[in-house]
Amino acid sequence: MANDQSPIAAGYNDFLHDLKERIRSAQVRAILAVNSELVLLYWQIGREILTRQQQQGWGAKVVTQLAKDLQQEFPQMKGFSRTNLLYMRAFAEAYPDEQFVQQLAGQIPWFHNCTILDKVKDSTERLWYIQQTIEHGWSRNVLVHQISTGLYHRQGKAVTNFERTLPKPQSELVQQIVKDPYNFDFLSLGESAQERDLEKALVERIRDFLLELGVGFAFVGSQYHLEVGGQDFYLDLLFYHLRLRCFVVVDLKIVDFQPEFSGKMNFYLSAVDDLLRHSDDQPSIGIILCRSKNRVIAEYALRDLNKPIGVSTYQLHNALPEKIKGSLPTIEELEAQLEGVSSDDNADVG
């Protein structure tokens, strides 16, 4: 007998009929607003499942049956698997306010929402990632990357003098673009690497570096030449920030922060403002990237400077000591070992 004629829980048939009608109605409206309508529909389904489980004691088997019935009725829709229905329930439980779903969560794709549900547990942090996704148009892969590198905890955490050297709201905007630490886990550098090695590696992986810097950065050049007072000077890395409308000078250091680094950056920014800055540009910004820093020393070093400078650190998660690298098996060796295990398994099965 068909499932519609044999309810597996009290009130199930009426519930299923109501969902079918709601889905058909949403399909029509989705022509105009596909994503927001779909996310809202999923939230409503999740809320109904959650409510009935809480009030009527429905168990997990009801979700399994519901998935089968909805997939049978709407075979062209791919979103009614048991797993996705459980996501809908979790989604409704995490965001009980329908207005929040309409105004925020509904503005990003469903699987972005699932990613945030899976990987972020704090409600304030979840809201932040939703807002950043809306603002910057992050793809799902970019969102996963930003969450996995802890962007929420790094954004705006650098030691800076922006509040004293820039007017509001410029100072607040600039503070938010500077992170601490920067995550350079896409690089593979040993402990013996020099500053030029770090600079060269970042330029070679410029797309990854720009992703880590954030939206708005445009690469101008490395070892950018400036002539001041008849002498030659070279900026490690020079960027232009399209949103802030200003040049950004990055000075790379493979050692701990030293107070004299800030004086050198102050000089660079004065030169860039005089030689490169257009009349419509905002004041240039400096970022000193060091292996580590003493926060108090950095604050003292920046206190009386008149140019906007930030001091941040970076991490090289993938850097392995040469001795360890030498002891690790190669890809070819791993494949050979796996093939051997596979052959042994097949022999055992036979």
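Residues numbered from 1 in each chain as written. Predicted model: local features only at pLDDT ≥ 70, side-chain atom pairs only at ≥ 80, totals over all residues. Heavy atoms only, no water.

**Description of the overall build of the chain**
Helix and strand content of the chain: 17 helices and seven strands. Residues classed as buried in the chain amount to 45% of the 350 residues present. Within the chain, contacts between residues at least 6 apart in sequence are counted, and of these 64% link residues at least 24 apart. A total of about 18600 Å² of accessible surface is found on the chain, and carbon and sulfur atoms cover 50% of it. (Helix = DSSP H or I, 4+ residues; strand = E, 2+ residues; numbered from the N terminus. Buried < 20%, exposed > 50% of the residue type's maximum accessible area, 1.4 Å probe, protein only. Contact = heavy atoms within 4.5 Å. Areas by Shrake-Rupley, 256 points an atom, 1.4 Å probe, with all protein chains shown as cover.)

**Some thoughts on the pattern of salt bridges**
Tallied over the full model, the rule gives 14 salt bridges. Where E199 meets R196, a salt bridge forms, and the shortest distance between an N and an O atom there is 4.0 Å. Here E199 and its partner R196 are both found in helix α12 (residues 195–204), three residues apart, which amounts to about one turn of the helix. A relative accessible area of 55% places R196 in the exposed class. It is possible to trace a salt-bridge network through shared partners that takes in R22, E48 and R52. (Salt bridge = Lys/Arg side-chain N within 4 Å of Asp/Glu carboxyl O.)

**Describing the packing of helix α3 (residues 60–73) against helix α4 (residues 82–94)**
The contact between α3 and α4 brings their axes to 9 Å, and the two run at 120°. If you check the angle between α3 and α4, you find them oblique. At the point where α3 passes α4, the crossing takes the right-handed sense. Residues A60, V63, T64, L66, A67 and L70 of α3 touch α4, and the partners they reach there are R82, L85 and L86. Looking at side-chain class alone, the contact of α3 with α4 contains seven nonpolar, one polar and one charged residues. (Axes fitted to C-alpha atoms, helices over the stretch in contact; angles between N-to-C directions. Parallel < 35°, antiparallel > 145°, perpendicular 65-115°, else oblique. Left-handed = near helix turned anticlockwise from the far one by under 90°. Nonpolar A, V, L, I, M, F, W, Y, C, P; charged D, E, K, R; others polar.)

**Section: the side chain of N84**
The topology assignment puts N84 in helix α4. Of the residues examined, N84 reaches a relative accessible area of 6% and is grouped as buried. When sequence neighbours within four positions are dropped, the list of residues in contact with N84 reads Y42, G79, W110, F111 and C114.

**Quick word on the confidence of the model for the chain**
Residue-level pLDDT values for the chain average 84, and 85% of them are 70 or greater. In the predicted structure, residues 341–350 sits below a pLDDT of 50 and forms zero contacts with residues beyond four places in sequence or in another chain. (pLDDT = per-residue confidence, 0-100.)

**Some thoughts on the side chain of N113**
Locating N113 in the fold gives a position in helix α6 (residues 110–119). We classify N113 as buried; its relative accessible area is 0%. Among the polar contacts listed, one links the side chain of N113 to the backbone oxygen of A105, at a separation of 2.9 Å. Sequence-distant contacts of N113, that is, excluding residues within four places in its chain, are made with V39, F91, A105, I108 and I130. (Polar contact = N/O pair within 3.5 Å; in protein donor to acceptor, adjacent residues only side chain to side chain.)

**Observations concerning α6**
The buried fraction of α6 is high, at seven of 10 residues. Taken together, the buried positions of α6 are W110, H112, N113, C114, T115, I116 and L117.

**Looking at the pairing of strand β7 (residues 309–315)**
Extensive coverage of β7 is indicated by the burial of six of its seven residues. Inspection of the sheet shows strand β1 (residues 159–160) paired to β7 by two bridges, in the antiparallel sense. Pairing of T160 across the sheet is with G310, part of β7. Bridge count between strand β6 (residues 285–290) and β7: five bridges; the pairing is parallel. (Pairing = 2+ DSSP bridges.)

**Quick look at helix α11 (residues 170–177)**
Along α11, the positions that sit buried rather than exposed are Q170, S171, V174, Q175 and I177. Viewed end-on, α11 has its buried residues packed into an arc of 160°, placing them on one side of the element. (Arc of directions from axis to C-beta.)

**Focus on unusual backbone geometry**
Here the bond from K168 into P169 is cis, since omega is 0°, no more than 30 degrees from zero. Here Q223, not a glycine, exhibits a phi torsion of approximately 45°, which is positive. Along the polypeptide, Q223 turns up in strand β3 (residues 217–228). Classification of Q223 as partly exposed rests on a relative accessible area of 24%.

**Considering the pairing of strand β5 (residues 246–252)**
Of all seven residues in β5, seven are buried, a share of seventy percent or more. Burial of β5 is two-sided: the residues C246, V248, V250 and L252 facing one way and the residues F247, V249 and D251 facing the other way are all buried. Relative to β5, strand β4 (residues 231–241) is paired through five bridges, and the arrangement is antiparallel. By the bridge assignment, F239 is partnered in β5 with V248. Between the antiparallel neighbours β4 and β5 lie four residues, among them R245 with a positive phi of about 60°. Here β5 runs beside β6; their pairing, made up of five bridges, is parallel. Residue pairing across strands places V250 opposite I287, the latter belonging to β6.

**A few points about the environment of T160**
Of note, T160 is situated in strand β1. With relative accessibility at 18%, the residue T160 sits in the buried group. When the C-alpha atoms of T160 and P308 are compared, they prove to be 7.4 Å apart, with 148 residues separating the residues in sequence. Excluding its chain neighbours within four sequence positions, the residues that come into contact with T160 are Q175, L302, I309 and G310. A polar side-chain atom of T160 sits 2.5 Å from a polar atom in the side chain of Q175.

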